[in-house]
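# Observations on the model geometry
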Amino acid sequence: VLFRSHISSIIKIIVFLQKKIIMVATTIHLFMALALFLIQNWIGSKSYSRGYVKFSLLDDKDEALSFNFVIKVFGPIVYLIIMVAILQYFHCNQFLFNIINVVYYYILIRIITIFLYERSSIVNWWRIIFYYSSILTISSIICSKFINSVDNLLPDFSEIKNEIWLLIIIFLYQVGNRTEEILPKEPYETSRAYLPELKQRKKRYILKKYSHYKKEYWNIIDKISNQNIQINTTIIAILIFENFNRPPIIRFVERCLIKITKKEMTLGIMQVSSNRAISDTQSVVIGTENLCSKFRKNQKESETARFRLMIKHHCPDRKYIRQVLFITKCIIDNLDNRYDYSDLYSEIEHEFELYETI
């Protein structure tokens, strides 16, 4: 009986330790997946000028598909191999069990982010399914045929003389390739002011948000703008784009942060500067008052760019201005009274070098 009692205690301890190891391994795998998510985003931001598809309402690039496939599919796989090599080097083999979970968690984080940012209706799900299926298939093969069968992934540096020279050649090629001009000489080069095709899923998203924000904020904006429907529509376009980048969950976190930090930051759907927590409606009131004041000032200074200068007052980035004008054009094109927007539309035509007139 005493022997059985000891055996039972040992088994319980082993089970307890196994559970602890699994919990720790799961936590480490989750942190690895989060790090991969951040690294992939960083690589994407640095590779945008090379043809990397960075999600936006304005751009819908289809070029450099092979480049995007390499970054989005092979990036996680290379990361997984490097993480395995590091764990093996530090003799943390207990965390190698089910290391493929890092890929599963990474994909899950990606999908959750899409829904948190309310982009489920505008992303290209077929392309996403293709990318994620490729990641899962290739990583499964790599894990079963390579990672799980090799005790040490780190190279033997005494036997890689040829590989070192190959690395030098690749480096020199990349340095030479970098000499090409990526950015325009002038930040406002007109040849870059193209108007991309408006995908149906993005059009539905914009019009759905326009209908929602018009019902919620139009009367508030209308009183401040003295019933200027062109200003109203431009401001709602700003709301659509700001919500696109700062969905409700992010704005909630920002309101919580300012209560803790007490430091000024941009808050609310209108993303206006404040040193205290404000609601979305309050941000719309503050933002509209600022923009209407700027518009009236611009009315005296400029007859050709009043709306663009108003948007620029909210955010000076040229890409931001084009995003808002792109959204505004989508809204106007689907209104029955679009001829009432001739001043605003002429600025859109000028910005995107359009030749048709409203």
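Residues numbered from 1 in each chain as written. Predicted model: local features only at pLDDT ≥ 70, side-chain atom pairs only at ≥ 80, totals over all residues. Heavy atoms only, no water.

### Quick word on the environment of Asn 226
Turning to its location among the elements, Asn 226 is positioned in the loop between helix 6 (200-224) and helix 7 (229-245). Between the C-alpha atoms of Asn 226 and Cys 292, which are 66 residues apart in sequence, the distance is 9.2 Å. (Helix = DSSP H or I, 4+ residues; strand = E, 2+ residues; numbered from the N terminus.)

### What to know about the nonpolar core
With 47 residues, the main nonpolar core has Leu 239, Ile 240 and Ile 327 as its most contacted residues. Of all the secondary-structure elements, those providing two or more residues to this core are helix 6, helix 7, helix 9 (280-301), helix 10 (306-314), helix 11 (318-333) and helix 12 (342-352). Sequence-distant contacts of Ile 240, that is, excluding residues within four places in its chain, are made with Tyr 205, Ile 206, Lys 209, Tyr 210, Tyr 213, Ile 327 and Ile 331. In terms of nonpolar packing, the next biggest core, distinct from the first, is built from 29 residues, Phe 37, Leu 96, Ile 114 and Ile 128 among them. (Core = buried A, V, L, I, M, F, W, Y, C linked by side-chain atoms within 4.5 Å. Buried < 20%, exposed > 50% of the residue type's maximum accessible area, 1.4 Å probe, protein only. Contact = heavy atoms within 4.5 Å.)

### Focus: helix 8 (residues 248-261)
Taking 1.5 Å of rise per residue, 14 residues should cover 20 Å, and helix 8 covers 20 Å from first to last C-alpha, within 8% of that figure. All of the buried residues along helix 8 are Arg 251, Glu 254 and Ile 258. Relative to the axis of helix 8, the buried residues are bounded by an arc of 55 degrees and lie together on one face. For helix 8, the exposed residues set more than 90 degrees away from the buried face come down to Lys 259 and Ile 260. Looking at the residues trailing helix 8, positive phi occurs at Lys 262, about 60 degrees. (Expected span 1.5 Å × (residues − 1). Arc of directions from axis to C-beta.)

### Some points on the pattern of salt bridges
Scanning the entire structure with this criterion turns up ten salt bridges. A salt bridge links Arg 308 to Glu 351, with the nearest nitrogen and oxygen atoms 3.4 Å apart. Placement of the pair is Arg 308 in helix 10 and Glu 351 in helix 12, with a sequence separation of 43 residues. We classify Glu 351 as buried; its relative accessible area is 3%. When the shortest N-O distance is used, the salt bridge between Lys 329 and Asp 333 registers 2.6 Å. Pair noted here: Lys 329 and Asp 333 are both in helix 11, with a separation of four residues, about one helical turn. Overlapping salt bridges, with partners in common, bring together Arg 308, Arg 318, Arg 322, Glu 347 and Glu 351 in one network. (Salt bridge = Lys/Arg side-chain N within 4 Å of Asp/Glu carboxyl O.)

### Description of the packing of helix 10 against helix 12
The N-to-C vectors of helix 10 and helix 12 enclose an angle of 75 degrees; their axes lie 8 Å apart at closest approach. Compared by their axis directions, helix 10 and helix 12 come out roughly perpendicular. Across the interface between the two elements, Arg 306, Phe 307 and Arg 308 of helix 10 pack against Asp 343, Leu 344, Glu 347, His 350 and Glu 351 of helix 12. For the contact of helix 10 with helix 12, the per-class residue count stands at two nonpolar, one polar and five charged. (Axes fitted to C-alpha atoms, helices over the stretch in contact; angles between N-to-C directions. Parallel < 35°, antiparallel > 145°, perpendicular 65-115°, else oblique. Nonpolar A, V, L, I, M, F, W, Y, C, P; charged D, E, K, R; others polar.)

### So, the environment of Asn 98
Looking at the element boundaries, Asn 98 is found in the loop between helix 2 (65-89) and helix 3 (101-116). Among the residues examined, Asn 98 registers a relative accessible area of 39% and is labelled partly exposed. With 76 residues separating them along the chain, Asn 98 and Ile 22 place their C-alpha atoms 9.8 Å apart.

These figures capture arrangement, not role.
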